[in-house]
Amino acid sequence: MNPLRRLSDQGQAVWLDFIRRKLLVDGGLARLIEADGLRGMTSNPSIFQQAIGGSDDYDEELQELLGRRPATTASELYEALAIEDIRRAADLLAPVYGDTGGDDGYVSLEVSPYLAHDTEATLVEARRLWQAVDRPNLMIKVPGTAAGVPAIEELTAEGINVNVTLLFSLSDYEAVAQAYVRGLERCTRPQQVASVASFFVSRVDSAIDRQLDGIAGAEALLGKAAIANAKVAYRRFQEIFGDSRFAALKARGARPQRVLWASTSTKNPAYRDVLYVEELIGRDTVNTLPPKTLEAFRDHGEVRSTLDQGVDEARGQLAALADHGVDLDAVTDQLQADGVAAFARSFDDLLAAVEGKRRAVLAQSVAALETTLGDSRWRVHRRLQSWQDERFSERLWRRDPTLFGSDWAPELVDRLGWLALPESMRPRLANFTAFADEIRGEGFERVLLLGMGGSSLAPEVFQAVFGNAAGYPRLVVGDSTHPAAVSAQLADGDLAKTLVVVASKSGSTLETDCLRRLLWQRLAAVVDQPGRHFVAITDPGSGLAARAREDGYRRIFEAPPDVGGRYSALSPFGLLPAALIGVDLERFLHRAVAMAEACSSRRSELVNPALELAAVLAEEGAAGRDKITFMTSPRLSSFPDWLEQLIAESLGKDGRGLLPVVGEGATAPGDDRLFVIFELAGDEAVALPEAGRAVVRLRLADPHDLAGEIFRWEMATAAAGVALGVQPFDQPDVQLAKELTQRAMAPAADAAAAAPEAQPVVAGGGALQGWLAGADYVAVMAYLPPTGEIVALLDDLRRALSRHAGCAVTVGFGPRFLHSTGQLHKGGPAGGRFVQLIDQPPADLEVPGKDFGFAALVRGQADGDAAALVARQRELRRFDLGSDGAAGLRALVDQLAAVAV
């Protein structure tokens, strides 16, 4: 007869000290129950680490879990996998549980070993796991530490089954057994409670044998201490659960807390491999065996009652240890402390294994880069190979500033914080979401965001792509200083139901400050506490933060100071506005986490999706295709506006750069194009360029993939800067335009700020025709209100200029483009032609606290911009469209249309 089955004749149950998904689903556990009489299972962090980290059993479920809840942590993933395994095992063991009346058929799940010295935290987690598994044949494993003992009593009183673990000494066993009895006495239904006390065996011999080694006369004690210790503990078990106190509980249906022999695999190869099974057989006990020991005992184990034999001899052996200088209490105390630490380390390893799996799943989920490049593909591969040889990715992630050149090293130390945003922002999401719920709950209907460039472009994209969810306010970006545009925004909604978000890293952005002053004045006239309608997003210690505290702003959200404006979309500058309009931040940021993982230093540069894109941008640019022409599905049409700033302001300097072109389409003229196409599943198809064009294609599964694309393009832009030999994190020519704006607005403007006079639109089209010849690209800079009519007319102007110039034409509204393409206009490659459009606003708005109005401000910005272009020796034409900007613009378009190409 199978020796494992014969153990039940001696009153001992065999449990398996192992768990793995394959065992549960392929019939392995069912066969052990049927063939070997298996009556239970135990698990621990080390077992789960081997199961999850050492197999692919769980990969499919990990993908499913992350698909449902993208931001699930490694700890949460482990718990979900473990609970599923425990439930499956409990269900397979349910017939044993039923047949034995609840005496057997249990499976154990351990509370976190980090809580071994925290009673209250152990109780909270044990209750939570008990409810989560929701099986009557579950046992919660709790360590028998000083902090664990009161938890064991309380859980028993509550009717929760407990497997007490990490017992090595008689005194610890005594404390645990008495705690169980006390718990039963407080329990209303003691007949429904079961418990085991896991007494560890082989580790005791391993520790004591080391101390006895080499001691004369101690040879007879080698390999004896563990079994002697267990026999004495078993005798104490018989005494505690055979006395009159427990008899009263037994009459109420209570079960004794069986002793479970744990750590029963033989560590010393000189000992019989089933030693700790054969010598520990007795009634009302459990032996939990690892698979190899179970197989060995099935093969050659000998069954006889041994626990009741030689108890006096066992006591003598333990006394002899002291005679040889071995302090058994000290050894067992240290073993328990080491056991707690070892389980904690195993839990660390377990979570690390799950995290590795999580990252692998995430890395596989990002959109692939589809390219049609012709011969450039070989140059792209060589670039990636060289970056791999240089350890580019590893150096970037450890923020090695020398990657960008030694001259820039000091300045770059604090410019790479965007790398950490996908992970560092995760703990802040709940705060953003809670604030958004607060604003929604108070009935705000509009969020008016005041910001420029990196502070405003991403929020504008999010509103355009996601829209505002039901019940959430709509978001409007205020980044125009034209008085007509400012007046329109003031009138577009109920100010009393408007939340004003003032977004500025430095807190000193001129346009934002002027708009802030005006909104404060207007809100103060209609509400009692205007500060309750204001929120600031800014860097710590900025002037805006000080102003916000002084004025009693509702909230101040601080942004990481080591993240530049155009790299801040995944910081509070982008995430808070996204939350305010109801974007699912967890799902959104998860896509950035996935992309960051795919681009991590753990993956080769050859398969890094951001570096691949960077290599394409750099090599296509070097081949003369330096105009990145964006095309998108309709729902994504606003995304290139954000990309435009990122690329132009990062790379357009030192006479170099790549020109982002937005809005031209598949028939754009010129052979200097790299087409980048974004397609959204379920959206309208994109008209593809003709054959032979260089194309990069990205397919987004849903709008939340934008977060991943934001990270991809940030890293790609930074890496492309390395390839181009430019510092991708500064904007020197933006500052020049600011300085010249201030000079232009001074009471007595000096000659350094002088800008060419703007010409009225009189035969302007004819004047432009010859001037456009030989242009590398044309930039239209419109200091006009961005009305629907103006936007349509500018599109007409773009097409007319494109026909005459035969090159790329970009369009930007001032002053917003000053914080994006303005850098490339002045610092990038020469050869551009610049058409500036201004008007004469018929009505003005004063800037509170200043000696100028918005009309003077927008004109001063146009003059400063023109002066900066002249200072950089750029070809400029300025046109004054008069008091009716739309009419003047229409006239210019008509004149160009009338001129033959």
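In case you missed it, the structure is sitting above this.
All figures in this text were calculated on a predicted structure; none of them were measured in a lab. (Residues numbered from 1 in each chain as written. Predicted model: local features only at pLDDT ≥ 70, side-chain atom pairs only at ≥ 80, totals over all residues. Heavy atoms only, no water.)

Asker: Help me out: how do you make sense of the packing of helix α31 (residues 732-744) against helix α35 (residues 854-871) in this one?
Answerer: Relative placement of two packed helices is described by the angle separating their axes and the distance separating the axes. At a minimum axis separation of 7 Å, α31 and α35 run at an interaxial angle of 125°. In terms of orientation, α31 lies oblique with respect to α35. When you trace α31 past α35, the crossing you get is right-handed. Seen from α31, the contacting residues are Leu736, Ala737, Leu740, Thr741 and Ala744; seen from α35, they are Gly860, Gln861, Asp863, Gly864, Ala867 and Ala868. Taken together, the residues of the contact of α31 with α35 sort by class into six nonpolar, four polar and one charged. (Axes fitted to C-alpha atoms, helices over the stretch in contact; angles between N-to-C directions. Helix = DSSP H or I, 4+ residues; strand = E, 2+ residues; numbered from the N terminus. Parallel < 35°, antiparallel > 145°, perpendicular 65-115°, else oblique. Left-handed = near helix turned anticlockwise from the far one by under 90°. Contact = heavy atoms within 4.5 Å. Nonpolar A, V, L, I, M, F, W, Y, C, P; charged D, E, K, R; others polar.)

Asker: Is there a simple way to think about the layout of surface pockets in this case?
Answerer: Gaps between atoms show up when a probe of the same size as a water molecule is rolled over them. When its volume is computed, the largest pocket comes out at roughly 970 Å³. Asp641, Pro786, Val791, Phe813 and Arg816 are, among the 31 residues lining the largest pocket, the residues nearest its centre. In this structure, the second largest pocket spans a volume of roughly 580 Å³. Lining the second largest pocket we find 30 residues, and of these Lys505, Gly564, Gly565, Gln731 and Lys738 sit closest to its centre. Elements with a contribution of two residues or more to the lining of the second largest pocket: α29 (639-651) and α31. When residues of the lining of the second largest pocket are assigned to their parent elements, the largest contribution, three residues, is made by α31. (1 Å grid on protein atoms, 1.4 Å probe; cavity = no way out; pocket = protein on both sides within 12 Å on 5 of 7 lines; lining within 4 Å. Points joined across faces, edges and corners; volume = space filled by probe spheres on them.)

Asker: Is there a simple way to think about empty space enclosed by the protein in this case?
Answerer: Under the counting rule described, the total for this entry stands at five cavities of 30 Å³ or more. By volume, the largest cavity amounts to about 50 Å³. Lining the largest cavity are Asp626, Lys627, Gly657, Leu658, Leu659, Asp776, Tyr777, Leu824 and Pro829. Counted by class, the lining of the largest cavity contains five nonpolar, one polar and three charged residues.

Asker: Is there a simple way to explain the side chain of lysine 826 in this structure?
Answerer: By the secondary structure assignment, lysine 826 is in helix α34 (residues 821-827). Aside from chain neighbours lying at most four places away, what touches lysine 826 is Asp733, Ala737, Leu818, Asp865, Ala868, Leu869, Arg872 and Arg874.

Asker: Please clarify how the nonpolar core should be interpreted in this entry.
Answerer: By size, the foremost hydrophobic cluster in this structure holds 227 residues, and its most contacted members are Trp418, Trp642 and Trp713. Counting residues in each nonpolar core, the second largest holds 28 residues, with Val780, Leu793, Val809 and Ala886 among its members. (Core = buried A, V, L, I, M, F, W, Y, C linked by side-chain atoms within 4.5 Å. Buried < 20%, exposed > 50% of the residue type's maximum accessible area, 1.4 Å probe, protein only.)

Asker: When you look at the pattern of salt bridges in this model, what are you seeing that I'm missing?
Answerer: Close approach of charged atoms lets side chains of opposite charge pair. One pass over the full model with this rule turns up 72 salt bridges. Arginine 88 is the partner of glutamate 84 in a salt bridge, and the nearest nitrogen-oxygen pair spans 3.0 Å. Pair noted here: glutamate 84 and arginine 88 are both in helix α6 (residues 74-99), with a separation of four residues, about one helical turn. When its relative accessible area of 24% is taken as the criterion, glutamate 84 is described as partly exposed. In this structure, the salt-bridge partner of aspartate 730 is lysine 653, at a minimum N-O distance of 2.8 Å. (Salt bridge = Lys/Arg side-chain N within 4 Å of Asp/Glu carboxyl O.)

That is the geometry; function is a separate question.
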